[in-house]
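# Coordinate inspection notes
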Amino acid sequence: MGYVYLAGAILGELLGTNLLKASNGFTKLTWALGAILAYVMCFYLLSLAMKTINLNTAYALWAGVGIVVTAILTVVIWHEPMSTSAIIGTGLILVGSILLNLNLN
């Protein structure tokens, strides 16, 4: 069940981040309130996930997947450019998240 909560937390993070962008610096109240609610949901679900998932695993997945998918959504939804270095950096974050979750000893 922890990974279901974690998936919800990731979705909340993605929703909150994109609503934050849509709020235009909190000048659009509806989007700003949506962002706040999404982040509250996100952190609540993340806290539930961490009851059964190790902190390093939960946080690496939450942050890593959030960053990678946000980078993709930035290009697709917001039509913002992504430089070669940003693509490489995002790829390295993805690789780091995977390595953290392999639990290599």
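The structure we're discussing is the one just above.
So, here's what we can say about the structure. (Residues numbered from 1 in each chain as written. Predicted model: local features only at pLDDT ≥ 70, side-chain atom pairs only at ≥ 80, totals over all residues. Heavy atoms only, no water.)

When helices and strands are tallied, the protein chain shows four helices and zero strands. Taken along its principal axes, the extent of the C-alpha atoms in the protein chain is 50 × 35 × 15 Å. When burial is assessed residue by residue, the protein chain has 33% of its 105 residues classed as buried. Put simply, 65% of the contacts in the protein chain that link residues at least 6 apart link residues at least 24 apart. (Helix = DSSP H or I, 4+ residues; strand = E, 2+ residues; numbered from the N terminus. Buried < 20%, exposed > 50% of the residue type's maximum accessible area, 1.4 Å probe, protein only. Contact = heavy atoms within 4.5 Å.)

This paragraph deals with the nonpolar core. Judged by nonpolar contacts, the single largest core of 13 residues is most densely connected at L6, A9, I10, L46, I53 and W62. Among the secondary structure elements, those contributing two or more residues to this core are α1 (2–22), α2 (29–49) and α3 (55–76). If near-sequence neighbours (up to four positions away) are discounted, A9 is found in contact with C42, L45, L46 and W62. (Core = buried A, V, L, I, M, F, W, Y, C linked by side-chain atoms within 4.5 Å.)

Scanning all chains against the criterion turns up one salt bridge. The residue E80 makes a salt bridge to K21 at a minimum N-O spacing of 2.8 Å. Taken together, the residues E80 in the loop between α3 and α4 (84–102) and K21 in helix α1 connect sequence positions 59 residues apart. Note on K21: relative accessible area 43%, which makes it partly exposed. (Salt bridge = Lys/Arg side-chain N within 4 Å of Asp/Glu carboxyl O.)

The next subject is the packing of α1 against α3. Their axes nearest at 9 Å, the elements α1 and α3 cross at an angle of 40 degrees. As far as their axial angle goes, α3 and α1 are oblique. Between α1 and α3 lies a crossing of right-handed hand. Residues Y3, L6, A9, I10, E13, L14, T17 and N18 of α1 form the contact with α3, whose participating residues are T57, A58, L61, W62, V65, G66, V69, T70 and L73. A class-by-class count of the residues in the contact of α1 with α3 yields eleven nonpolar, five polar and one charged. (Axes fitted to C-alpha atoms, helices over the stretch in contact; angles between N-to-C directions. Parallel < 35°, antiparallel > 145°, perpendicular 65-115°, else oblique. Left-handed = near helix turned anticlockwise from the far one by under 90°. Nonpolar A, V, L, I, M, F, W, Y, C, P; charged D, E, K, R; others polar.)

Residue placement: E13 occurs in helix α1. No salt bridge is formed by the buried E13, whose closest oppositely charged neighbour, K21, lies at an N-O distance of 16 Å. (Lys, Arg positive; Asp, Glu negative; His and termini not counted.)

Here we come to α2. Spanning 21 residues, α2 covers 30 Å between terminal C-alpha atoms, matching the ideal 30 Å at 1.5 Å per step. For α2, every residue scored as buried is listed here: A32, A35, A38, C42, L45, L46, L48 and A49. Of the surrounding elements, those touching the buried residues of α2 are α1 and α3. (Expected span 1.5 Å × (residues − 1).)

Glancing now at the side chain of S97. By the secondary structure assignment, S97 is in helix α4. A distance of 3.3 Å separates the side chain of S97 from the backbone oxygen of A60, its partner in a polar contact. Apart from residues lying up to four places away in sequence, S97 is in contact with A60 and G64. (Polar contact = N/O pair within 3.5 Å; in protein donor to acceptor, adjacent residues only side chain to side chain.)

Function-wise, these values are silent; they only describe arrangement.
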